Amino acid sequence: MEKRDEPAISAELLTRLARAVVDLQPALVIDLCQQALKEGVAPDVALNQGLAKGMRQVGEKFAAREYFVPEVLLAAKAMYAGFDILKEHLPQKQGYRGRVALGVVQGDIHDIGKNIVKVMVQAAGFEVIDLGRNVPVERFVAAVRNGVDVLGMSSLMTTTMPNMAKVVIALERAGLRNRVKVLVGGAPVTKVFAERIGADGYADDAYGAVKEVERVLK
Ligand code: B12
């Protein structure tokens, strides 16, 4: 799935979709997602350039103290109302391409980004084992021991990012590091951080995540 430029009419619809998330309007989000599908906007585009973009704007409002936790939760509810529709329409690549385990690191319950990455990676033809959120180091290690090709970790807080490094170290200690490719992501995570902790790749959105899974498995 490639990032695509959309014609002006879709661009306007995508802007309205992001806006509806920011405005905490689940019913409108549902309407706009249905409209987008009817007008032939690709579901992955509506998901990433509409819903996910809206959630990022909510993050900016939260940082600016215009929104607080209740608004953020309502925005997430609106986002998921659209997500549930769009994910059913993502074109699925056929054939088995590998197994990916995904989880949000210990101490962190932010799982919206991980869930978007999950459906995009699944649609790209990979089996995804969802480890959930607030995942202890040992559960990541156990997933690798049970056999996965790629381990993806998500963290949304600077305070939980070090837990990604702990997983990499634990994999080394368990003699499992060379059995798996490790990817990291989440808003505060950078390429430099990924390299520093010895991860194999990093991406800042779900398109990039799919590309990274494909790249490390080549
Ligand atoms: C939504 C949200 C919440 C929701 C979470 C709901 C949920 N189930 O996820 C609620 C309200 C519960 C919440 C709670 C808290 N939050 Co909060 N939250 C956010 C917010 C506003 C948006 C996050 C989000 O959903 N983004 C949208 C998604 C689509 O983007 P994304 O996650 O980055 O994911 C994309 C990419 O990063 C990438 N990606 C993600 N994962 C992965 C993995 C891999 C392998 C790859 C390759 C790529 C990849 O692809 C994704 C899709 O495009 C952020 C603001 C921000 N700037 O991030 C704050 C933020 C993360 N929260 C913050 C804080 C402090 C908290 C609380 C401690 C607040 C409190 N006082 O209670 C608690 C923490 C609870 C905990 N222990 O985790 C801070 C963190 C600060 C820090 N230290 O870094 C932020 C940055 C807000 C701020 N500016 O202060 N939060």
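The model shown is predicted, which means the values in this text are computed figures rather than measured ones. (Residues numbered from 1 in each chain as written. Predicted model: local features only at pLDDT ≥ 70, side-chain atom pairs only at ≥ 80, totals over all residues. Heavy atoms only, no water.)

Asker: Which residues make up helix α6 (residues 137-145), and what are the values?
Answerer: All of the buried residues along α6 are Val137, Phe140, Val141, Ala143 and Val144. Buried residues along α6 cover an arc of 155° about the axis, so they all sit on one side. Packing partners of the buried residues in α6 comprise β1 (99-105), β2 (127-135), β3 (150-154) and α7 (162-173). (Buried < 20%, exposed > 50% of the residue type's maximum accessible area, 1.4 Å probe, protein only. Helix = DSSP H or I, 4+ residues; strand = E, 2+ residues; numbered from the N terminus. Arc of directions from axis to C-beta. Contact = heavy atoms within 4.5 Å.)

Asker: Provide a residue-level description of the environment of Lys211, including the pertinent values.
Answerer: Looking at the secondary structure, you find Lys211 in helix α9 (residues 206-216). Each C-alpha atom, one on Lys211 and one on Phe62, is 30 Å from the other, the two residues being 149 residues apart in sequence.

Asker: Residue-level account of the packing of aromatic side chains, with values.
Answerer: For the structure on display, the rule yields one aromatic pair. Ring centres of Tyr80 and Phe83 lie 5.5 Å apart, and the angle between their planes is 90°; this geometry places the pair in the edge-to-face category. Residue Tyr80 and its partner Phe83 are both found in helix α4 (residues 69-87); the two are separated by three residues, about one turn of the helix. Note on Phe83: relative accessible area 5%, which makes it buried. (Phe/Tyr/Trp six-rings, centres within 6.5 Å; stacked < 30°, edge-to-face > 60°.)

Asker: I'd love a proper account of the environment of Val117, names of residues and values included.
Answerer: Tracing the chain through its elements places Val117 in helix α5 (residues 112-123). Sequence spacing of Val117 and Ala170 is 53 residues, and the spatial spacing of their C-alpha atoms is 24 Å. Those residues in contact with Val117 that lie beyond four places of it in its chain are Leu102, Ala206 and Ala209.

Asker: Go over the site of the ligand with me, naming the residues and quoting the values.
Answerer: Around the ligand lies a shell of 33 residues, among which Ile109, His110, Asp111, Ser154 and Thr158 are the nearest. Contacts to the ligand include Asp111, whose side-chain N or O atom sits 2.8 Å from a nitrogen atom. Take Ala206: an N or O atom from its main chain is 3.3 Å from an oxygen atom of the ligand. Of all the secondary-structure elements, those providing two or more residues to the shell around the ligand are α3 (43-63), α4, α5, β3, β4 (181-185) and α9. When the residues that make up the shell around the ligand are grouped by side-chain class, the tally is 19 nonpolar, nine polar and five charged. Of the residues that make up the shell around the ligand, three or more belong to each of domain 1 (8-87) and domain 2 (99-216). (Near = heavy atom within 4 Å. Polar contact = N/O pair within 3.5 Å; in protein donor to acceptor, adjacent residues only side chain to side chain. Nonpolar A, V, L, I, M, F, W, Y, C, P; charged D, E, K, R; others polar. Domains from an automatic or database assignment.)

Asker: Describe the domain arrangement of the protein chain, naming the residues involved and giving the relevant values.
Answerer: Its domain assignment divides the protein chain into domain 1 (8-87) and domain 2 (99-216). Here the C-alpha centroids of domain 1 and domain 2 sit 25 Å apart. Tallying the contact residues gives twelve residues for domain 1 and eight residues for domain 2. For the pair domain 1 and domain 2, the two sides together bury roughly 810 Å², of which 72% comes from carbon and sulfur. On the surface where domain 1 and domain 2 come into contact, there are zero salt bridges. One can count two residue pairs in polar contact (both at pLDDT 80 or more) joining domain 1 with domain 2. (Buried area = accessible area lost by both parts, 1.4 Å probe. Salt bridge = Lys/Arg side-chain N within 4 Å of Asp/Glu carboxyl O.)

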